[in-house]
Structure formats: structure tokens, C-alpha cells
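Chain residues, written in single-letter form:
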Amino acid sequence: MNKKAIRSLYDELPGLVARGILTPDAAERLRAHYGPVEPARPVKLAVIIFGVLGSLLIGAGIILILAHNWEDLSRPARAILSFLPLLLAQGLAVWTLLKMRDSIAWREGASTLVFLMIGASISLVAQTYNISGDLPGFILTWSLLGLPLVYIFNAVVPALLYLWGITEWACHLRYEDSFNAGYWLLAALLLPQLALWMKAGRYRTRPTLLLWAICVSTTVAAGVTIERVLPGLWIILYSALFALMFLAGEFWFSESGGFWPRPLRHFGAGGVLVLSFLLTFEWPWHSIGWRHWQWERLHDTAWRAIPDAALGALIPLAAIILLVTTVRRKAPLGLLFGLAPIIATVGYCLSSLSESYAPAAGLFDLYLLVIGLWLIVAGIRVNKQGQMNVGLLAVMALIIARFFDNDLSFLLRGLIFIALGIALLMANIFMLRRKRGEP
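What comes next concerns the included structure.

Scoring rules and cut-offs
- Residues numbered from 1 in each chain as written.
- Predicted model: local features only at pLDDT ≥ 70, side-chain atom pairs only at ≥ 80, totals over all residues.
- Heavy atoms only, no water.
- Axes fitted to C-alpha atoms, helices over the stretch in contact; angles between N-to-C directions.
- Helix = DSSP H or I, 4+ residues; strand = E, 2+ residues; numbered from the N terminus.
- Left-handed = near helix turned anticlockwise from the far one by under 90°.
- Contact = heavy atoms within 4.5 Å.
- Nonpolar A, V, L, I, M, F, W, Y, C, P; charged D, E, K, R; others polar.
- Core = buried A, V, L, I, M, F, W, Y, C linked by side-chain atoms within 4.5 Å.
- Buried < 20%, exposed > 50% of the residue type's maximum accessible area, 1.4 Å probe, protein only.
- Salt bridge = Lys/Arg side-chain N within 4 Å of Asp/Glu carboxyl O.
- 1 Å grid on protein atoms, 1.4 Å probe; cavity = no way out; pocket = protein on both sides within 12 Å on 5 of 7 lines; lining within 4 Å.
- Points joined across faces, edges and corners; volume = space filled by probe spheres on them.
- Patch = residues over 30% accessible without salt bridge, like charges linked within 9 Å, V, L, I, M, F, W, Y side chains within 5 Å.
- Areas by Shrake-Rupley, 256 points an atom, 1.4 Å probe, with all protein chains shown as cover.

The next point concerns the packing of helix α12 (residues 263-278) against helix α16 (residues 358-381). Between α12 and α16, the least distance of the axes is 9 Å, while the angle of their chain directions is 145°. Both α12 and α16 take part in a crossing whose hand is left-handed. Contact residues: Val272, Leu273, Ser276 and Phe277 in α12; Phe364, Tyr367, Leu368 and Ile371 in α16. By residue class, the composition of the contact of α12 with α16 is seven nonpolar, one polar and no charged.

Shown next as C-alpha cells:
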């Protein structure tokens, strides 16, 4: 076994021991068998960042130079200049693969430059020969042509640009009221590379960056790819999506602490809390449910409702499957956040069966209150100040929202705000003293 494989094995041993797959003695025997290995040489993040920024500046500079006196050039000259930036970028990319393949900074920079020059060349050729087209088609073509760079260069920045491209494409098609459910198939093209990166190390920079981007992208796409044939479906869809993110983060990324290395967990938890707070108001529950079908949106093309049915069924089903696994592992926090789609479905049914919006909103009042109180108590118990503060903010946001729903005087509201602020400060002072061991 080579040193890289041994190092990866050593990185996985703590998680295997924590899950009971290996005993501590077995892990020590493995270390004794393979012996010590040199730690992986850390990659200087600043070098990668400045390499990518340099590529962006070079690409922008080339475009500006070409724009100078562009209209005065003949059509053949403009055609040659349209491909010249791409050819130069490809030459740099080939040199990088041959001479600097082990340099992450060079791979990221060269692949980013090629990705940008693909878009520049397409737009310049289209402008030179007056090729008609639309913006979504241009973005999709550009993104698909840039996708192979992710696999050729093993680079994350082209993956982020590709993900941005297909998300932008889906949003433009939604604005034009066109079918855009192909986003999910396009996004799935990144999964093999993500799997390879996670196999090499789930908490490394590249998979972490891509997972953060996927969280943002899928959150946007979940809203723009459904046809809204069944009003209010977004409530169940988003509650299930955020719960699925959180549970997946708890299941596959439980060995690491901190905020940055666990995007699924923290993005999902934030999504559940924000969505639950919004659902404590009555406005999301207006005119939703099966009594308000909007078949006229399909324009005699019933197959366009398939994404609504698929997303509305598969994502909640996946969340419930992980929820069952979480219950078996006896993880109370996973149970609380994983219940979001079930509670959303109950609230959806209540609003669909009656004209009253209070029961569904009240259900989420109770749900958010329980989550907030549990986070406060658990945070104090295990000395996690951040967790305690999140719980405090959730409870305070709920209290403030309900006070604004009532006709209270400004004096009383001011006194309540002061009391909440004092409670927040005192709780944090208590936690700081407890961590320091002070009485």
C-alpha cells in the first residue's frame, strides 16, 4: 500500500472506531503494521486563491484588449482573435498537465482560465457572425463545454463555475416559464468527482467547497424547477430538503467539529430554523393544498408536472429514511431537525382541510420553540456556546414575532427587548465563566 493510501486509512480510523466498526486495539495494530508515514504537505490556500484570481484578471484583460477597436477589424481578423484567447489558454493548460500536474494552484488557475475563455470565444464568434441565440442556451453550452475541465484537471473552481452556470440557466428558464427540470440531471454530472474527492478525504478543501456550493445551488433550484401545479408544495419540499441535508451531514460528517467542514449539517440546520420561523406566520398557508390545483399552468403538457411529483416524493422519502436511521442511532438533535418534513406535511394537510391558518402556524410555533429550548439546554450541558446562542436566537425571534402580531404599546415592546438582550448577555457570560472554571 502506498503512502497516500496509508495516510487516507489513518484519517478514517477515528471514524471507524467511533462507529464501532473497529476496536481501538485493532486500529493501533493497523498503525503498527503499516508504520508511521510523513504527514501530507499542506497546500497553501493563499497560493491557490491568488492563482485563481490571477487567471480571472488575465481573462478579463484579454477580453478588454480584444474589445479595443473591435468594430474596426475585418470579419476574418475578428474570427481569428475570437479563438486566440482559447488557444492560448489551452496551451497553458497542456503545459500545466505536462509540467505542473502536481501543483493544485496551477491546475486550478489554468482550468479556470480555459473555462472563462470558452465563454469569451463563444460570445465573440456569435457576435462576429451574428449567430442568433438566447442567454440560457449560451450559458448551458458554456457550462457543458467547461464540465470536462473538472475531471481533466481534478479542479474545484471549474466545478463551482459549472454549478453556477446550470443554476443560472434554470433561473432564466423559470423567468421565461420554460421547462428546466433538467437541472437535476446536469447537477448529477458532478457527483462522480465529488465521490472521488470525498473518498480521498471528506473534510478537505475541495469537497467542502463543492458541498457548500451544492447546498446553495439545490436550494435555489428546488424553488425554480417545480411547476407549482399544487400550491404550497414548496413547504413540504424545502422542509424535506433542509432536513435531508442536516441528516446527511450528521450521518456522514459526524467525526469533525467546527463550522466550515460540515456544510450539509449547518446549512440544513439553518434552513430548517429559518423556514420554521417563516411558517409561524399565516401568510405561507394562504390558498394552498389540493383544493387549489392550477392545471392551467401546464398548457396541455401534463408531463411538466412530473418534476413536482418526483421532487415532492423522493426528497421527503430520502429524509424519512435517514430519519429512521437517526432514531436507531438515538441522536436527539437529528430527530428534532429530521421531523421538519413530517410536521410540514401535517401543517399542509391542516391548511388544506380548512380555511383556518392558525393551526398550521401554531404547530410551527411549538416546533420552533421546542428546537430552541433543546438547543439552549443541550448547549449549556455540553459547554457549546454557539449551539446555546442559536437556540436563544430561535426562541427570541419567535417571541419577538408573536409580540409584533399583537397590539402592544411601544413601552412594553421596549421593555421586552431589554429583557431579551439582558438574558442573551447573561447566558453568554455564564457560559464563558463555566468554560474558564470560574464560580
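Next up on the list: unusual backbone geometry. Non-glycine residue Asn154 carries a positive phi angle of around 55°. Turning to its location among the elements, Asn154 is positioned in the loop between α6 (135-153) and α7 (157-175).

Looking now at the side chain of Glu250. By the element assignment, Glu250 lies in helix α11 (residues 233-252). Beyond its immediate stretch of four places on either side in the chain, Glu250 contacts Arg262, Arg265 and Arg329.

Moving on to the nonpolar core. Counting 83 residues, the largest nonpolar core has Tyr183, Leu190, Leu210, Trp285 and Phe337 as the members making the most contacts within it. Ranked by residue count, the leading element in this core is α11, at twelve residues. Aside from chain neighbours lying at most four places away, what touches Tyr183 is Leu163, Ile166, Thr167, Trp169, Ala170, Ser217, Thr218, Ala221 and Thr225. Counting residues in each nonpolar core, the second largest holds five residues, with Ile376, Met388, Leu392 and Ala427 among its members.

A few words on the pattern of salt bridges. Evaluation of the coordinates by the stated rule reveals two salt bridges. For Glu250, the salt bridge identified is with Arg262, shortest N-O distance 3.1 Å. With a gap of twelve residues between them, Glu250 in helix α11 and Arg262 in the loop between α11 and α12 connect regions that are remote in the sequence. For the pair shown, Glu250 and Arg262 are each scored as buried. Arg265 is paired through a salt bridge with Glu250; the nearest N and O atoms lie 2.5 Å apart. One end of the pair, Arg265, is in helix α12; the other, Glu250, is in helix α11, and 15 residues separate them in sequence. The same class applies to Arg265 as to Glu250, namely buried. It is possible to trace a salt-bridge network through shared partners that takes in Glu250, Arg262 and Arg265.

What follows deals with the layout of surface pockets. If you add up the space inside the second largest pocket, you get close to 750 Å³. What lines the second largest pocket is a set of 27 residues, and nearest its centre among them are Leu191, Ile214, Thr218, Leu244 and Leu264. Secondary-structure elements contributing two or more residues to the lining of the second largest pocket are α8 (183-188), α9 (191-200), α10 (205-224), α11 and α13 (306-328). Class assignment for the residues of the lining of the second largest pocket results in 25 nonpolar, two polar and no charged.

Further remarks concern a nonpolar patch on the surface. A surface patch of nonpolar side chains, about 600 Å² in accessible area, is lined by Leu415, Ile418, Ile422, Leu425, Met426 and Ile429. Mapped onto the elements of the fold, Met426 is located in helix α18 (residues 410-436).

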